[in-house]
Amino acid sequence: MTVPALARAVLARLVRPGTLGRWGGGLLLGLGIWVLLTLWWGQDVEAVGVGLVAAALVMGLIGTVSVLLASDVVRLALAAGATRRRVLEAWVLLALPVVVPVVALVLVAVSLVARSWGGIASDVVPLALVAVTSWFGGLGIVCALASREPRIRRTATPGLFLLSLASVVGAGATAFDPVPGWAILAVALPLTLTLGARLALRTALPPDVAGLLTGASTRKVAR
Amino acid sequence: MTTAPIAVATHGLTKRYGATTALEGLDLEIRAGAITGLLGRNGAGKSTLLQLVAGFERPTSGHVLVDGEDPFDNALTMAGTQLVREGGDTFTSEPVKDTLEWYRDLRENWDADLAASLVDAFQVDTSQKVENLSRGQTSMVGAIVGLAARAPLTIFDETYIGMDAPNRETFYEALLTDYAAHPRTIVISSHLISEVERMFEEVVILDAGRVLVAGDADDVRSRGLTLTGRAADVERLLGARDVLTRRELGPTSQVTVLTSPGDDLPARARDAGLEVDGVGLQDLFVHLTRRSGSTAKDES
């Protein structure tokens, strides 16, 4: 089974009215909240921070939906003979065209708004953090869900979700009040990145490489 | 992807979940191109073994080799293995046809005509959501996937659960017909031994994570023997053989014994005027696993 074949099969499942409706609904809801909050706060610098939080909500919604979809897809892909690595590659292949443009769009939009209100270019940094956190958090969550070990599915998935959420909230909060915002980020972001990367590596790498991280190399021994 | 039947071997295979040991030092060979029955009581380790073979899990220690390779996350062996788990792996909140299309898109050897004919034979409504199907109908979807995927290593783990008798027959017939036309390695994990044993060419009996008996199905069947006659004659012939059950009826004794391949006990028993009967696979399974269970209890 090739990665493009798997990506095509997944795409065929995603490009359907029901699925697109869920994605579109989540996106519109997040954007709506953002617009409303921005209008409510008026042309105030803090609105940028609110915008960041709203952007994080949008990303969270998209991430949650895609994770839910991916978890079902992962289970069925394994049953259909795909390896975790192929599933991950297909997921990346599909996620890149979706996640990167959305993050870029949010980044540009908020930067433009911020600039028009006095040029707060530094707020690009929290946004970039939101993007990185969403990416690693989402990746880690998908990997945790793909794990055959119930312990990982039960603990790592909600744990990573909360860490990701804390990271994006922290990133958003830096625009309101830098001290607590960066404090939250300092704790949540490294944990999110570490856990997300570890789960991704453990899931995606072949056993002989993953064995370096998780114990004995079964393939090496078997051969 | 290879289409040749795939052999499976395990060496000292152990799988633990926390304090629970599901498999303990399992040494086993599953012959390529044969239908193997994997029998065992609840919790014997059948599903764990099959998940390890399918590459879904990693052993705690020891090795499992599929076509000579470690199957865990192995693109080659996983592409050649179709494990149909109890309840099937389906998109539960979507119509049956979505699941069939999914496997059609991902399984290289998928036979759409066979899938369609099985859908007709089982009378499955493919427009129905899987979650709205009965348990038996969900099992039928799993059976269709397992057969139509035509993987060189096809594994059915209690696939027939919930199916009614006519549908089980349909499944067995379809399996044998397709196996004859497209030989491959098939493993059937089952509780309904008397119903499926006619299909087995090889048999493996697991108990408490260990192999009790494994080998050619006819050889395994012939290893169980019931001797009935005068107690003294029966006892004289038994020697050090493994007695599974013993029943005393006054001066008459009835003993079920496990023999080794090539044992001359049947001939000697007949010469001694004893009644000699074979033991069906199901009876042998019951005797072996019941005895094993009571031994374990005694040891604890």
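Quantities reported herein were computed from a predicted structural model and do not represent experimental measurements.

1. Structural notes on the overall build of chain B
Phase 1: For chain B, the helix and strand inventory stands at eleven helices and 13 strands.
Phase 2: Taking 19 Å as the expected radius of gyration for a compact globule of 300 residues, we find that chain B reaches 21 Å, a close match to that expectation.
Phase 3: Taking the principal axes of its C-alpha atoms as reference, chain B extends roughly 65 × 40 × 35 Å.
Phase 4: Put simply, chain B has 300 residues, and 53% of those count as buried.
Phase 5: Taking as baseline every contact in chain B between residues at least 6 positions apart, the subset at least 24 positions apart corresponds to 69%.
Phase 6: Taken as a whole, chain B presents about 12400 Å² of accessible surface, with 47% of it coming from carbon and sulfur.

2. Section: the packing of aromatic side chains
All names here are of chain B.
Phase 1: Inspection of every chain in the model, using the stated rule, returns three aromatic pairs over all chains.
Phase 2: Ring geometry for Phe156 against Phe171: centres 5.1 Å apart, planes inclined by 80°, an arrangement best described as edge-to-face. Here the residue Phe156 occupies a position in strand β6 (residues 153–157), and Phe171 occupies one in helix α6 (residues 165–181), the gap between them amounting to 15 residues.
Phase 3: Looking at Phe171, the relative accessible area reads 2%, which means it is buried.
Phase 4: Taken together, the ring pairs connect Phe156, Phe171 and Tyr172 into an aromatic cluster.

3. Here's the deal with the nonpolar core
Phase 1: By size, the foremost hydrophobic cluster in this structure holds 91 residues, and its most contacted members are Leu6 of chain A together with Leu49, Trp102, Phe171, Leu175 and Phe200 of chain B.
Phase 2: Among the elements that take part in this core, helix α5 (residues 135–149) of chain B stands out by supplying eight residues, more than any other.
Phase 3: Residue contributions to this core reach at least three from each of two domains, namely domain 1 (8–219) and domain 2 (222–292) of chain B.
Phase 4: Those residues within four positions of Phe200 of chain B in sequence are excluded, and the remaining contacts are Ile35, Thr36, Gly37, Leu39, Ile188, Ala217, Arg221 and Leu281 of chain B.
Phase 5: If you look at the next biggest cluster of nonpolar residues, it comprises eleven residues, including Leu225, Leu237, Val255 and Leu265 of chain B.

4. Quick word on the pairing of strand β2 (residues 20–30) of chain B
All names here are of chain B.
Phase 1: Bridge count for strand β1 (residues 8–17) against β2 is seven bridges, and the pairing is antiparallel. Within β2, the position partnered with Tyr17 by the bridge is Thr20.
Phase 2: In this antiparallel pair of consecutive strands, β1 and β2, the connection spans two residues, and Gly18 shows a positive phi of 65°.

5. Observations concerning the domain arrangement of chain B
All names here are of chain B.
Phase 1: Along its sequence, chain B is carved into domain 1 (8–219) and domain 2 (222–292).
Phase 2: The C-alpha centroid of domain 2 is placed 34 Å from the C-alpha centroid of domain 1.
Phase 3: Taken together, the 15 residues of domain 1 in the interface contact nine residues of domain 2.
Phase 4: Summing both partners gives a buried area of about 1100 Å² for domain 1 against domain 2, and 65% of it is carried by carbon and sulfur.
Phase 5: Broken down residue by residue, the surface that domain 1 buries against domain 2 is led by Ile193, Val213 and Asp219, which jointly contribute 35%.
Phase 6: Counting every contact that joins domain 1 to domain 2 gives five residue pairs in polar contact (both at pLDDT 80 or more).
Phase 7: The greatest single-element share of the side of domain 1 that touches domain 2, amounting to four residues, is contributed by strand β8 (residues 202–207).

6. With respect to a nonpolar patch on the surface
All names here are of chain A.
Phase 1: On the surface, a nonpolar cluster with roughly 350 Å² of combined accessible area is contributed by Phe161, Leu162, Leu165 and Val169.
Phase 2: Positionally, Leu165 belongs in helix α6 (residues 150–173).
Phase 3: Residue class for Leu165 comes out partly exposed when judged on its relative accessible area of 40%.

7. Examining α5 of chain B
Phase 1: If you check α5 of chain B, its first and last C-alpha atoms are 21 Å apart, about what 15 residues at 1.5 Å a residue would give, namely 21 Å.
Phase 2: Buried residues dominate α5 of chain B, accounting for 13 of its 15 residues.

8. Considerations on the sheet that holds strand β5 (residues 81–84) of chain B
Residues and elements named next belong to chain B.
Phase 1: Spatially, six strands are ordered β5-β6-β7-β3-β8-β9 in an open sheet, and the strand pairing comes out mixed. Of all strands in the sheet, those bounded by a partner on one side alone are β5 and β9 (210–216). Put simply, the sheet's adjacent strands are angled 15° from each other on average, direction ignored.
Phase 2: Relative to β6, β5 runs parallel, the two sharing four bridges. Bridge assignment links Val84 to a residue of β6, and that residue is Phe156.
Phase 3: Sheet contacts for α5: β5 and β6; angle to β5, the most-contacted strand, approximately 165°.

9. Thoughts on unusual backbone geometry
It is generally the case that most residues other than glycine have a negative phi and that most peptide bonds are trans.
All names here are of chain B.
Phase 1: Non-glycine residue Glu158 carries a positive phi angle of around 50°.
Phase 2: In this fold, Glu158 is placed in the loop between β6 and α6.
Phase 3: A relative accessible area of 4% means that Glu158 is categorised as buried.
Phase 4: A positive phi angle, close to 50°, is found at Ala208, a residue other than glycine.
Phase 5: In this structure, Ala208 sits in the loop between β8 and β9.

10. Some words on the sheet that holds β1 of chain B
Residues and elements named next belong to chain B.
Phase 1: In spatial order, the strands read β2-β1-β4; together these three strands make up an open sheet with antiparallel pairing. Of all strands in the sheet, those bounded by a partner on one side alone are β2 and β4 (61–66). Here the strands of the sheet are splayed against their neighbours by 25° on average, with no regard to which way each runs.
Phase 2: In this sheet, β4 lies alongside β1 in antiparallel orientation, the contact comprising five bridges.

11. Regarding the pattern of salt bridges
Phase 1: Counted according to the given criterion, the structure contains 19 salt bridges over all chains.
Phase 2: The network of salt bridges with shared partners includes Asp111, Arg150, Asp178 and Arg184 of chain B.

12. Section: the packing of helix α4 (residues 112–122) of chain B against α6 of chain B
Residue and element names in this part refer to chain B.
Phase 1: In the contact formed by α4 and α6, the axes pass within 10 Å of each other and the chain directions differ by 160°. In terms of orientation, α4 lies roughly antiparallel with respect to α6. As α4 runs across α6, the sense of the crossing is right-handed. Across the interface between the two elements, Leu114, Leu118, Ala121 and Phe122 from α4 touch Asn167, Thr170, Phe171, Ala174 and Asp178 from α6.
Phase 2: A breakdown of the residues in the contact of α4 with α6 according to their chemical character gives six nonpolar, two polar and one charged.

Thresholds applied
In this convention, every chain numbers its residues from 1, walking through the sequence in written order. All chains are assigned letters beginning with A, and all ligands numbers beginning with 1, in the order in which they are written. Under the rules for a predicted model, residues below a pLDDT of 70 receive no local features and side-chain atom pairs below 80 are neither given nor counted, while totals for whole chains, interfaces and linings still include all residues. Each side-chain value is worked out from all heavy atoms of the structure, with water and hydrogens disregarded. Here a helix means four or more residues in a row that DSSP labels H or I, a strand means two or more in a row labelled E, and each is numbered from the N terminus. Values of the radius of gyration come from C-alpha atoms, whereas the globule rule sets the reference at 2.2 Å times the count of residues to the power 0.38. Exposed residues in this analysis have more than 50% of their type's maximum accessible area, buried residues have under 20%, and partly exposed residues fall in between, with area computed by a 1.4 Å probe over protein chains only. Whether two residues are in contact is decided by their heavy atoms: any pair within 4.5 Å suffices. A 1.4 Å probe and the Shrake-Rupley method give the accessible areas. Residues count as covered only by the protein chains that appear here. The rule is short: rings of Phe, Tyr and Trp, with Trp giving its six-membered ring, pair when the centres are within 6.5 Å, and they are stacked under 30 degrees, edge-to-face over 60, tilted in between. Working definition of a nonpolar core: buried Ala, Val, Leu, Ile, Met, Phe, Trp, Tyr and Cys residues. They are joined through side-chain atoms within 4.5 Å. These domain boundaries are the output of an automatic or database domain assignment. DSSP calls a pair of strands paired once it identifies at least 2 bridges connecting them. When two components associate, each loses some accessible surface as probed by a 1.4 Å sphere; the sum of these losses over both components is called the buried area. Polar contact is defined as a pair of N or O atoms within 3.5 Å, subject to the rule that within protein one atom must be able to donate a hydrogen and the other to accept it, and that residues adjacent in sequence are counted only when both atoms are side-chain atoms. Exposure above 30% relative accessible area and the lack of any salt bridge qualify a residue for a patch; like charges then connect within 9 Å, and the nonpolar side chains Val, Leu, Ile, Met, Phe, Trp and Tyr within 5 Å. Basic side-chain nitrogens of Lys or Arg form a salt bridge, by our definition, when they fall within 4 Å of a carboxyl oxygen of Asp or Glu. Expected span of a helix: the number of residues minus one, times 1.5 Å. Whenever a helix is involved, its axis is fitted only over the stretch in contact; in every case the axis is a line through C-alpha atoms, and angles between N-to-C directions fall within 0 to 180 degrees. Each angle gets one of four labels, with under 35 degrees taken as roughly parallel, over 145 as roughly antiparallel, 65 to 115 as roughly perpendicular, and the rest as oblique. Here a crossing is called left-handed whenever its near helix is offset anticlockwise from the far helix by less than a right angle, and right-handed whenever the offset is clockwise. Classification used: nonpolar for Ala, Val, Leu, Ile, Met, Phe, Trp, Tyr, Cys and Pro, charged for Asp, Glu, Lys and Arg, polar for all others including Gly.

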